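Observations on the model geometry
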Amino acid sequence: MAISHGYIELADSLSSCKVLVVGAGGIGCELLKNLVLTGFKNIEVIDLDTIDVSNLNRQFLFQKKHVGKSKAQVAKESALQFCPSANITAYHDSIMNDVFFFFLTEYKTPFVPVAARNHVNRMCLAADIPLIESGTAGYLGQVTVIKKGMTECYECQPKPTQKTFPGCTIRNTPSEPIHCIVWAKYLFNQLFGEEDADQEVSPDTADPEAAWKPEDTAARATASEKDGDIKRVSTKDWARSTGFDAVKLFNKLFKDDIMYLLTMDKLWKKRKAPTPLDWQQLEDSARPQEETPGSGLKDQQVLGVWGYCQLFQHSVETLSSHLQEKGEGAELVWDKDDPPAMDFVTAAANLRMHIFSMNMKSRFDVKSMAGNIIPAIATTNAVIAGLIVLEGLKILAGEVETCRTIFLNKCPNLRKKLLVPCVLDPPSANCYVCASKPEVTVKFNVHKTTVLALQDRILKERFGMVAPDVQIEDGKGTILISSEEGETEANNHKFLSDFGIRNGSRLQVDDFLQDYTLLVNVLHTEELEHDVEFEVVGEAPDKAPTPPSNQEEANSITNGNKDSAQPSTSSKAEDDSDDVMIVDSDEEEAASSATAKPAPSSGTKRKHSDAETGETSTKRPRTTQQSSAAADNDDDDDIIALD
């Protein structure tokens, strides 16, 4: 059989090229296995996480004996069993470590199946290295290639920010179960974890909607002097003073604080007022059958009020014991896979739901919402990992122009295809990362914004920088922020106006670790909404695409399911068969026969004609739940949410 010269060259490239896999989670494990079986010989894998028992159902390079060990190291050892001759280097480290920028210039292709994508995106742009980015969410998946100057970078398109709720809603007027679950997680931290002023759980007396008379509070909130009287002190200090007495905590949180809320008259003019709970009354009226387990799986049962009271008491006793064992000044970290922590949040959230007249939820439901869990499906990870390698082979063959963004849908489209390739879009001229001269305008009050807030809240948190250096364009070259430790710390708590920064000022920001420069135009304002520190103006990805109208939303539902919004297909018919494996399915007849129309465009995506059907459809935008470099070490940290 004749072997083409191109095939031999590709085989040589596989054995000589150097690739980096960022993340050894669900996709990372499948990918590492695929790489060594395909013939890649020089692989480096980095992951800061350790193996948890909850990883074992889908991260198949790990076994029970590996729990607690480094994901990267164990993944390396397991992958070598498939190909002992491969050269795999494992790093139990963070990709944010500055040494990896210098390593990155040596790689041929980095594969990134985890968060911290913004940082890796910028490093790849700086080193001019192709990046293959991927993610899965349940049955949905995506793979795309990012190449400097040719395609959109990861930050070209808007990403919706993680949904947050006003503090007064969480503390005073919850109306949905998620509000109560967030409150319960805040309460865990206030009692057992790291206290955060932004996670206060006591009634918010500064609620702008509340019209009440403080002088009437004492008379109307009949708090017990013995069992949790309402004193505006640290929740943790108060709890410690009671010895973490579960009954006293209960009466403070679910009786006294609720009665305090009832004194805020205006809150309850158009809402149903909450109903306080009293431990003694509940105990006296408790029915024996409430303690009898119901049918079905334990985690899917919804207990009665007294059942959750008992669960609250037991979890408080267990957690306080764990805290005491750790010693003075110790803190616990909430983990959805820690039974006592999960019991506490389940009990506290459900008791609050009952108080505010909501239907209570099972432990399973609470865990899903509290942990922001997107179901991880092993077969989805396997499909996506295979597609990553196919795109990588195109790059090594020098055929980057044939690479595609490929979407894995939940249901077959009208052509009975689950895998849909899309032409890669060119860079956005308005991107504040990959544009030739990145520039952005930020609106804030220069008299109230400190240098530290500029550094942490705007540059690091909002714009994803790691070690920014800031110089004021004032003709003097004034250094406002230096990444060198100790050089400008004295500036931290000064206001920007103290340095002559005003409306129209320009700040030159450089991040050496990302080889990234950004020009920030200052727009001074004193009219920001309450609790809003700053706003990004213009085309920077501050806001998600405008949501469609009701009719548009109905039209965008593919196969009768919002989860499978129709992405575009390539303008070339042959791409569908040449670039990817097409999966046909006749199993979901009702779904596949539903009428589908293309999803509405945000105005920034090119539309491509479908060569077979003649229809025009639009690429589904990539979105993430949390793309900050400081993403938490969730066991599903390699999962991103798709529309």
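About the thresholds
Residues numbered from 1 in each chain as written. Predicted model: local features only at pLDDT ≥ 70, side-chain atom pairs only at ≥ 80, totals over all residues. Heavy atoms only, no water. UniProt positions renumbered as here; feature names shortened; annotations may be inferred. Buried < 20%, exposed > 50% of the residue type's maximum accessible area, 1.4 Å probe, protein only. Helix = DSSP H or I, 4+ residues; strand = E, 2+ residues; numbered from the N terminus. Pairing = 2+ DSSP bridges. Right-handed = clockwise from strand over helix to strand, strands pointing away. Contact = heavy atoms within 4.5 Å. pLDDT = per-residue confidence, 0-100. Core = buried A, V, L, I, M, F, W, Y, C linked by side-chain atoms within 4.5 Å. Axes fitted to C-alpha atoms, helices over the stretch in contact; angles between N-to-C directions. Salt bridge = Lys/Arg side-chain N within 4 Å of Asp/Glu carboxyl O. Phe/Tyr/Trp six-rings, centres within 6.5 Å; stacked < 30°, edge-to-face > 60°. Expected span 1.5 Å × (residues − 1).

An unreviewed UniProt entry lists the protein under the name SUMO-activating enzyme subunit 2, with Scophthalmus maximus given as the organism. Looking at the protein in UniProt, the text filed under Sequence similarities (unreviewed entry) is "Belongs to the ubiquitin-activating E1 family."

Thoughts on the pairing of strand S14 (residues 534-537)
Here S14 shows a clear split, with Phe534 and Val536 buried on one side and none of Glu535 and Val537 buried on the other. The pairing of strand S9 (residues 439-444) with S14 spans four bridges and is antiparallel. Residue pairing across strands places lysine 443 opposite glutamate 535, the latter belonging to S14.

What to know about the pairing of strand S2 (residues 42-46)
Of all five residues making up S2, four are buried, and the element is well covered by its neighbours. Where strand S1 (residues 18-22) meets S2, five bridges bridge the pair, whose relative direction is parallel. The partner of valine 22 across the bridge, within S2, is isoleucine 46. Handedness of the S1-helix H2 (residues 26-38)-S2 crossover: right-handed.

What to know about the environment of isoleucine 51
Here isoleucine 51 is to be found in the loop between S2 and helix H3 (71-80). C-alpha of isoleucine 51 to C-alpha of lysine 64: the two residues are 13 residues apart in sequence and 9.1 Å apart in space. Once residues lying within four places of it in the same chain are set aside, the contact partners of isoleucine 51 are Leu56, Phe62, His66, Val67, Gly68, Lys69, Ser70, Lys71 and Val74.

As for helix H5 (residues 117-127)
Burial analysis of H5 places 10 of its 11 residues in the buried class, the great majority of the element. Among all positions of H5, only Arg117, Asn118, His119, Val120, Asn121, Arg122, Met123, Cys124, Leu125 and Ala127 are buried. Positioned one or two residues after H5, aspartate 128 has a phi angle of 55°, which is positive.

Examining the confidence of the model for the protein
Mean pLDDT over the protein: 77, with 72% of residues reaching 70 or higher. Averaged pLDDT values for the elements of the protein fall to 28 in helix H19 (residues 589-592) and rise to 96 in H3. In the model, residues 211-232 has pLDDT below 50 throughout and makes 42 contacts with residues more than four positions away in sequence or in other chains. Below pLDDT 50 for its whole length, residues 539-643 participates in 255 contacts with residues either more than four positions away or in separate chains.

A word on the nonpolar core
Formed by 55 residues in total, the largest nonpolar core has its most connected members in Trp183, Phe192, Phe250, Phe254, Phe312, Phe344 and Leu351. Elements supplying a minimum of two residues to this core: helix H7 (177-191), helix H9 (235-241), helix H10 (246-262), helix H11 (279-285), helix H12 (305-326), helix H13 (339-355) and helix H14 (363-370). Element by element, the count of residues in this core is highest for H13, at 10 residues. In contact with phenylalanine 344, other than residues within four places in its own chain, are Ala184, Leu187, Phe188, Leu191, Phe192, Phe312, Ser315, Val316 and Leu319.

Here we look at the sheet that holds strand S10 (residues 468-472)
In space, the six strands of this open sheet follow the order S11-S10-S12-S13-S9-S14, with mixed pairing throughout. Two strands lie at the open edges of the sheet, namely strand S11 (478-481) and S14, each paired on one side alone. Direction aside, the axes of adjacent strands within the sheet are offset by 30° on average. Relative to strand S13 (residues 516-524), strand S12 (residues 506-511) is paired through six bridges, and the arrangement is antiparallel. Bridging from a neighbouring strand, arginine 506 pairs with asparagine 521 of S13. Each of S9, S10, S11, S12, S13 and S14 is contacted by helix H16 (residues 451-462), which is oriented at about 70° to S11, the strand it contacts most.

What about the pattern of salt bridges?
Counted by the stated rule, this structure contains 18 salt bridges. The partner of lysine 394 in a salt bridge is glutamate 391, with the nearest N and O atoms 2.9 Å apart. Note that lysine 394 and glutamate 391 are positioned in helix H15 (residues 378-396) at a spacing of three residues, about one turn of the helix. The same class applies to lysine 394 and to glutamate 391, which are both buried. Linking glutamate 533 and arginine 457 is a salt bridge whose minimum nitrogen-to-oxygen distance equals 2.7 Å. Taken together, the residues span a long stretch of sequence, with glutamate 533 in the loop between S13 and S14 and arginine 457 in helix H16 at a distance of 76 residues. Residue classification places arginine 457 among the partly exposed residues on the basis of a relative accessible area of 30%. One continuous salt-bridge network, built from bridges that share partners, spans Asp299, Asp343 and Arg363.

Regarding the side chain of asparagine 350
Relative to the elements of secondary structure, asparagine 350 occurs in helix H13. Under the relative-accessibility criterion, asparagine 350 is labelled buried at 0%. In contact with asparagine 350, other than residues within four places in its own chain, are Tyr308, Met360, Lys361 and Val366.

Let's talk about the packing of aromatic side chains
Across all of its chains, the model carries 13 aromatic pairs by this definition. Where phenylalanine 188 meets phenylalanine 344, the ring centres are 6.1 Å apart and the plane angle is 65°; that geometry is what we call edge-to-face. A residue pair is termed long-range when its members are at least 10 positions apart, and phenylalanine 188 in helix H7 and phenylalanine 344 in helix H13 qualify at 156 residues. Given the relative accessible area of 1%, phenylalanine 188 is considered buried. For phenylalanine 344, a relative accessible area of 0% translates into the label buried.

What to know about unusual backbone geometry
Outside of glycine, negative phi angles account for most residues, and trans bonds account for most peptide bonds. Of note, serine 357 is a non-glycine position whose phi angle comes to about 60°, a positive value. Within the element layout of this structure, serine 357 appears in the loop between H13 and H14. Although it is not a glycine, aspartate 515 adopts a positive phi angle of roughly 50°. Locating aspartate 515 in the fold gives a position in the loop between S12 and S13.

Thoughts on the UniProt feature "binding site: Zn(2+)" (unreviewed entry) in the protein
Within this structure's numbering, the places UniProt gives as "binding site: Zn(2+)" (unreviewed entry) are Cys153, Cys156, Cys431 and Cys434. The largest pairwise C-alpha distance within this set of annotated residues, which runs over 282 residues, is 8.5 Å, so the set is compact in three dimensions. Topologically, cysteine 156 is positioned in the loop between strand S6 (140-146) and helix H6 (167-171). You can call cysteine 156 buried: its relative accessible area is 7%.

Describing H2
In a regular helix each residue adds 1.5 Å, so 13 residues correspond to 18 Å; H2 covers 19 Å between its end C-alpha atoms and thus fits that length. Buried residues dominate H2, accounting for 10 of its 13 residues. For H2, every residue scored as buried is listed here: Gly26, Ile27, Gly28, Cys29, Glu30, Leu31, Leu32, Asn34, Leu35 and Val36.

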